Amino acid sequence: MSTSFAAMLLPLVVITGGLWLTGIVLGIHALLLGRLPGRHLARWVRHPRLWGAGAVLVVCLGFGSASLFVIGLGLIALGHTVKPSA
């Protein structure tokens with residue numbers, strides 16, 4: 001492995017790992033607490049628990065199974081669109 005390949009691969013691994021960790025943290029936070037951090041994301045998502053469950057499925061289990069990835073995307077979409085009851 002040449003040093004130029006390693007120099008290109010390291011930032012890619014760091015960025016991908018950071019996005020994965022961010023998705024996991026946001027998904028678990030929304031799933032357990034029922035709210036999202038920050039004003040911007042909290043304003044867009046109507047059902048944080050649905051959104052959080054979808055985010056966790058997409059980030060963790062989506063790599064192993066295409067059907068779980070699609071279910072996670074569907075839950076994320078439902079978290080954005082479904083109006084809260086009561």
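Structural data are supplied above this passage.
Residues numbered from 1 in each chain as written. Predicted model: local features only at pLDDT ≥ 70, side-chain atom pairs only at ≥ 80, totals over all residues. Heavy atoms only, no water.

## Some thoughts on the overall build of the protein
Then, in step 1: Helix and strand content of the protein: four helices and zero strands.
Then, in step 2: Tracing the protein from N to C terminus, the helices and strands come up as α-α-α-α.
Then, in step 3: Relative to a compact globule of 86 residues, whose C-alpha radius of gyration would be 12 Å, the protein shows 16 Å and is clearly more extended.
Then, in step 4: Over its C-alpha atoms, taken along the principal directions, the protein stretches across nearly 60 × 30 × 20 Å.
Then, in step 5: In the structure as shown, the protein presents an accessible area of about 6,100 Å², 75% of it carried by carbon and sulfur atoms. (Helix = DSSP H or I, 4+ residues; strand = E, 2+ residues; numbered from the N terminus. Rg over C-alpha atoms; globule rule 2.2 N^0.38 Å. Areas by Shrake-Rupley, 256 points an atom, 1.4 Å probe, with all protein chains shown as cover.)

## Structural notes on a nonpolar patch on the surface
Then, in step 1: Taken together, the side chains of Phe 5, Leu 9, Leu 12 and Val 13 make up a nonpolar region of the molecular surface, amounting to roughly 360 Å² of accessible area.
Then, in step 2: Mapped onto the fold, Leu 12 is located in helix 1 (residues 3–33). (Patch = residues over 30% accessible without salt bridge, like charges linked within 9 Å, V, L, I, M, F, W, Y side chains within 5 Å. Salt bridge = Lys/Arg side-chain N within 4 Å of Asp/Glu carboxyl O.)

## Considering the packing of helix 3 (residues 48–61) against helix 4 (residues 66–81)
Then, in step 1: At a minimum axis separation of 7 Å, helix 3 and helix 4 run at an interaxial angle of 155°. Here helix 3 is positioned roughly antiparallel relative to helix 4, judged by the angle of their axes. Every pair of crossing elements has a handedness; the one defined by helix 3 and helix 4 is left-handed. Taken together, the residues of helix 4 that come into contact with helix 3 (itself represented by Leu 50, Trp 51, Ala 53, Gly 54, Ala 55, Leu 57, Val 58 and Leu 61) are Leu 68, Phe 69, Ile 71, Gly 72, Leu 73, Leu 75, Ile 76, Leu 78, Gly 79 and His 80.
Then, in step 2: Looking at the contact of helix 3 with helix 4 residue by residue, the classes come out as 14 nonpolar, four polar and no charged. (Axes fitted to C-alpha atoms, helices over the stretch in contact; angles between N-to-C directions. Parallel < 35°, antiparallel > 145°, perpendicular 65-115°, else oblique. Left-handed = near helix turned anticlockwise from the far one by under 90°. Contact = heavy atoms within 4.5 Å. Nonpolar A, V, L, I, M, F, W, Y, C, P; charged D, E, K, R; others polar.)

## A short note on the nonpolar core
Then, in step 1: Listed in full, the seven residues of the largest apolar core are Ala 30, Leu 36, Val 45, Trp 51, Ala 55, Val 58 and Ile 76.
Then, in step 2: Tallying contributions element by element places helix 3 first for this core, with three residues.
Then, in step 3: Those residues in contact with Ile 76, other than ones at most four positions away along the chain, are Trp 51, Gly 54, Ala 55 and Val 58. (Core = buried A, V, L, I, M, F, W, Y, C linked by side-chain atoms within 4.5 Å. Buried < 20%, exposed > 50% of the residue type's maximum accessible area, 1.4 Å probe, protein only.)

## Here's the deal with helix 4
It helps to recall that an α-helix has 3.6 residues per turn; residues three or four apart then point in one direction.
Then, in step 1: For helix 4, spanning 16 residues, the distance from its first C-alpha to its last is 23 Å, which sits close to the expected 22 Å at 1.5 Å a residue.
Then, in step 2: What helix 4 keeps buried is the set Gly 72, Leu 75, Ile 76 and Gly 79. Summarising the axial view, the buried residues of helix 4 lie within an arc of 100°, below the 170-degree limit, and thus occupy one face. Across helix 4 from its buried face, at more than 90 degrees, point the exposed residues Ala 66, Val 70 and Thr 81.
Then, in step 3: In this structure, the buried side of helix 4 is in contact with helix 3. (Expected span 1.5 Å × (residues − 1). Arc of directions from axis to C-beta.)

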